Amino acid sequence: AVYAWGDWGNPKVDMPYITQFEDSKHINDIAIFNPREQFILSFDFNVDNCACVLGHIGNDYIHIFDEIVGVDLPDLLSKIKFKYAKHLINCIVTGDSAGRARNHMVSDSMNSYRLIRNSLELTSHQIKIMVNPKHKDSRVFCNTILAFHPNVYINSRCNKTIYDLKNVEANQEGGIIKKDRNIANQKGDFLDAFRYLIGNFKKKWIRDYNK
């Protein structure tokens, strides 16, 4: 209901996973696609849908300009190709490292990232996957970025990403609560894609900031 029809509901958020997101600070339509600039596709894979967050990242900015969801990975890839086919030569792919596994919503002979590479006609150098960060560590990274990194903007049309950043809850250990995917704020698919993007491309900034 949330991802297909925008039926957000009104969840009660007792312990938000993301605490530093602010509408006035982070929602800004200056975050738009620039065809002359390299962009990131960050994927999250699930049994009932696949999600992708798209953004530009520079030394002093993070611009999330689009989000796409598909009922499965082939459906998601077809939507990406429809919108960005002419520009995919200039993209980098990252995301859920579980997509490396065989049998992950694709045939035994092809893992998810091989399907992404073949479908989008990418080179191996355009695929940059790292081990998924622990939820607790990722929470610190993402909140640090949102609080202190300059020019972190999310386009207002990325309402699923914005919803997740505002409504997904944490448990007492700092992990993401994901007990029931029928509950909107326990999906967290676009939050996950955002986490992978931050964890893979802003580690150096976080290390330098902590120093």
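Cut-offs applied
Residues numbered from 1 in each chain as written. Predicted model: local features only at pLDDT ≥ 70, side-chain atom pairs only at ≥ 80, totals over all residues. Heavy atoms only, no water. Helix = DSSP H or I, 4+ residues; strand = E, 2+ residues; numbered from the N terminus. Buried < 20%, exposed > 50% of the residue type's maximum accessible area, 1.4 Å probe, protein only. Pairing = 2+ DSSP bridges. Axes fitted to C-alpha atoms, helices over the stretch in contact; angles between N-to-C directions. Contact = heavy atoms within 4.5 Å. Core = buried A, V, L, I, M, F, W, Y, C linked by side-chain atoms within 4.5 Å. Salt bridge = Lys/Arg side-chain N within 4 Å of Asp/Glu carboxyl O. Phe/Tyr/Trp six-rings, centres within 6.5 Å; stacked < 30°, edge-to-face > 60°.

**Q** Just checking my understanding: could you explain unusual backbone geometry for this structure?
**A** A negative phi angle is the norm for most residues apart from glycine, just as the trans form is the norm for most peptide bonds. The phi angle at glutamate 121 is positive, at roughly 60°, despite the residue not being glycine. Tracing the backbone shows glutamate 121 in the loop between helix H4 (112-120) and helix H5 (135-148). Taking relative accessible area as the criterion, glutamate 121 reaches 68% and is therefore assigned exposed. With a phi close to 55°, asparagine 151 is a non-glycine residue in the positive phi region. With respect to the element layout, asparagine 151 can be found in the loop between H5 and strand E5 (152-154). The class for asparagine 151 is partly exposed, based on a relative accessible area of 32%.

**Q** Any chance you could explain the sheet that holds strand E1 (residues 39-45) here in plain terms?
**A** Two orientations exist for strands paired in a sheet by backbone hydrogen bonds: parallel and antiparallel. Within the open sheet, the five strands sit side by side as E4-E1-E2-E3-E5. Their pairing is mixed. Sheet topology places strand E4 (91-95) and E5 at the edges, where each strand pairs with a single neighbour. Between one strand and the next, the sheet's axes are offset by a mean angle of 25°, whatever the strand orientation. With six bridges joining them, E1 and strand E2 (residues 50-58) adopt antiparallel strand pairing. Within the sheet, the bridge partner assigned to serine 42 lies in E2 and is valine 53. Together, E1, E2 and strand E3 (61-70) form the strand contacts of helix H3 (residues 73-84), whose direction differs from that of E3 by roughly 125°. Running over the sheet, H4 touches E1 and E4 and is turned about 140° from E1.

**Q** Just checking my understanding: could you explain the nonpolar core for this structure?
**A** With 29 residues, the main nonpolar core has Ile18 and Ile64 as its most contacted residues. Sorting the residues of this core by element identifies E2, E3, H5, E5, helix H6 (159-167), helix H7 (189-201) and helix H8 (203-210) as the ones contributing at least two each. With six residues, the single largest contributor to this core is H7. Not counting chain neighbours up to four residues away, the residues in contact with isoleucine 64 comprise Ala31, Val53, Leu54, Gly55, Tyr153, Ile154, Asn155, Cys158, Phe194 and Leu197. Formed by 24 residues, the second largest nonpolar core is a distinct cluster that contains Phe43, Phe65, Cys91 and Val93.

**Q** What am I meant to see in the pairing of E3 here?
**A** Here E3 lies mainly inside the structure; nine of its ten residues are buried. Where E2 meets E3, nine bridges bridge the pair, whose relative direction is antiparallel. Residue histidine 56 lies in a different strand from E3, and its bridge partner there is histidine 63. Two strands pair when backbone bridges link them, and E3 and E5 are joined in this way by three bridges, in the parallel orientation. When the sheet's bridge partners are listed, histidine 63 is paired in E5 with tyrosine 153.

**Q** Is there a simple way to think about the pattern of salt bridges in this case?
**A** Oppositely charged side chains are able to pair whenever their charged atoms sit close together. Scanning the entire structure with this criterion turns up eleven salt bridges. Aspartate 66 is the partner of lysine 83 in a salt bridge, and the nearest nitrogen-oxygen pair spans 2.7 Å. Separated by 17 residues along the polypeptide, lysine 83 in helix H3 and aspartate 66 in strand E3 bring together distant segments of the chain. Among the residues examined, lysine 83 registers a relative accessible area of 40% and is labelled partly exposed.

**Q** Explain the packing of aromatic side chains to me, please; I cannot follow it from the model alone.
**A** Within the structure shown, the criterion is met by ten aromatic pairs. Relative to phenylalanine 39, the ring of phenylalanine 33 has its centre 5.2 Å away and its plane inclined at 85°; by these criteria the two rings are edge-to-face. The pair phenylalanine 33 / phenylalanine 39 is uniform in exposure class, with both members buried. An angle of 10° between the planes, with centres 5.3 Å apart, marks the rings of tryptophan 205 and tyrosine 209 as stacked. Of this pair, tryptophan 205 and tyrosine 209 both sit in helix H8, four residues apart, which is roughly one turn of that helix. Accessibility expressed as a relative area gives 38% for tyrosine 209, which makes it partly exposed. Here the aromatic residues Phe33, Phe39, Phe65 and Tyr84 are joined through ring pairs into a cluster of three or more.

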